[in-house]
Each structure stands twice: as structure tokens, then as C-alpha cells.
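One letter stands for each residue in the lines below.
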Amino acid sequence: MSLRNVGSGLLLVLALAQPAPALAQGLIHEIRGGVLAHDVPLWASRRVDGGVAFNGEVAFAPSVKVLGFADLRPVVGGSFTTGNGTSLVYFDIRLEFMIDRFFFGAGVGPAIHNGNLTGTSGKKALGGRVLFHPSFEFGFQFSPQHRVSVYYEHISSAYIARPNPGLDNIGVRLSHRF
């Protein structure tokens, strides 16, 4: 991960974090963005793509309370890689709860990627175009509108299609709440 890529990612995050009055009128709850290490084999098998991914996400309002303490809401986002890596867009349902100023989120939904389906060109073969997208996030809310977190996402076919090596991204995100 080069310093230039990290700097570009942070500029993207700061641009996303600027408040916009039209967004604050109840439709959008939060915007998130960050820099992720791409194709890091945590849950998935070996690293093939590598590189950096820039992640952006919009969390919509309102939410539904679950068990009286957690918020369930739809999010839409994407992770876009540098170079020739696999990029993806996703639509998740995310469950999130806070304890004091710390928060934890977990989501799942479909993702569509631009990677290979078979292993013919040296890139990771993911078996199907539409994959499952589980994600996890842990972070700290340092003001009512701003948060920082560690974010992990995985895509795979859950063995519905072959091959199924999966792909993992992990990194840091900043958020702005409206």
C-alpha cells in the first residue's frame, strides 16, 4: 500500500464526510468511507489480487429497533480497487449497537463484482457474479457526527458456485452522521 494511495483514500473520505443539507433531511443517516487492504486472506483462501480498495457506503434512515438496543438499517456501498483488482458494489442490511462511545456493526446482503468467474487470467476466480457480502465493523464515536472504525468485508458464493475461494478486504473508515 503506497503512501500516495493512502493519501488519495483519505482525501476521498474527507470529501464524503462534508455535510450536505439535502442529505440531512431524513433519507440518509450516515456516510462512510475508507481505505482497505484488498484480498487479504483472513476467511478467504490465498491472496491473488492484492492492492488497495477504497470503500464508500451510505446508511439510510430510519432504522428499526431490534431487541430494544440495536438498529437495523439498509446500506449501499462499494469497494473499488486500484490496479486490476476485483471491485464490488453491495446492498446490505446492517445491525448496529453502541456501548458508551464504542459501536459494533454486522451486515449481510448481495454483492456484484467485476472479477473473474473462472481462473483464466491470473486473477482470483469467484465462481459467480452475484455473491454473499457479510461485513463487520468495530469503532469509536468521537463526536455526535463523527466516527472512526475498523471495517472487514468478505464476498463468496457460500459454496453455491465453484470455485469459491472468497475475497476479504480490511481497513479503516471514517463516518459522518447527519
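The coordinates are above.
Participant: For this particular structure, what's the right way to read the environment of Ala161?
Facilitator: Note that Ala161 resides in the loop between β10 (146-155) and β11 (167-177). For the pair formed by Ala161 and Gly127, sequence separation is 34 residues and the distance between their alpha carbons is 5.2 Å. When near neighbours in sequence (up to four residues on either side) are disregarded, Ala161 contacts Gly127 and Gly128.

Participant: Looking at this structure, how should I read the pairing of β10?
Facilitator: Along any regular strand the residues' side chains alternate between the sheet's two faces. For β10, the buried fraction is high: seven of the ten residues fall into the buried class. Where strand β9 (residues 135-141) folds back onto β10 in an antiparallel hairpin, the turn is made up of four residues. Bridge count between β10 and β11: ten bridges; the pairing is antiparallel. By the bridge assignment for β11, Tyr151 is matched with Gly171.

Participant: I'm lost on the environment of Leu174 in this one. Help?
Facilitator: Among the secondary structure elements, Leu174 is positioned in strand β11. Since its relative accessible area comes to 28%, Leu174 is described here as partly exposed. Separated by 139 residues in sequence, Leu174 and Val35 place their C-alpha atoms 9.4 Å apart.

Participant: Even after reading the chapter, I still don't get the packing of aromatic side chains, so can you show me in this structure?
Facilitator: Counted under the stated rule, the structure contains five aromatic pairs. On the basis of an interplanar angle of 10° and a centroid distance of 6.1 Å, the ring pair of Phe102 and Phe138 is categorised as stacked. In this pair, Phe102 sits in strand β6 (residues 102-108) while Phe138 sits in strand β9, placing the two residues 36 residues apart along the sequence. Under the relative-accessibility criterion, Phe102 is labelled partly exposed at 41%. Connected via pairs of aromatic rings, a cluster forms that spans Phe69, Phe97 and Phe104. Here the guanidinium or amino end of Arg147 rests over the ring plane of Phe103, the centre of that ring lying 3.6 Å away.

Thresholds applied
- Residues numbered from 1 in each chain as written.
- Predicted model: local features only at pLDDT ≥ 70, side-chain atom pairs only at ≥ 80, totals over all residues.
- Heavy atoms only, no water.
- Helix = DSSP H or I, 4+ residues; strand = E, 2+ residues; numbered from the N terminus.
- Contact = heavy atoms within 4.5 Å.
- Buried < 20%, exposed > 50% of the residue type's maximum accessible area, 1.4 Å probe, protein only.
- Pairing = 2+ DSSP bridges.
- Phe/Tyr/Trp six-rings, centres within 6.5 Å; stacked < 30°, edge-to-face > 60°.
- Lys NZ or Arg CZ within 6 Å of the ring centre and 35° of its normal.

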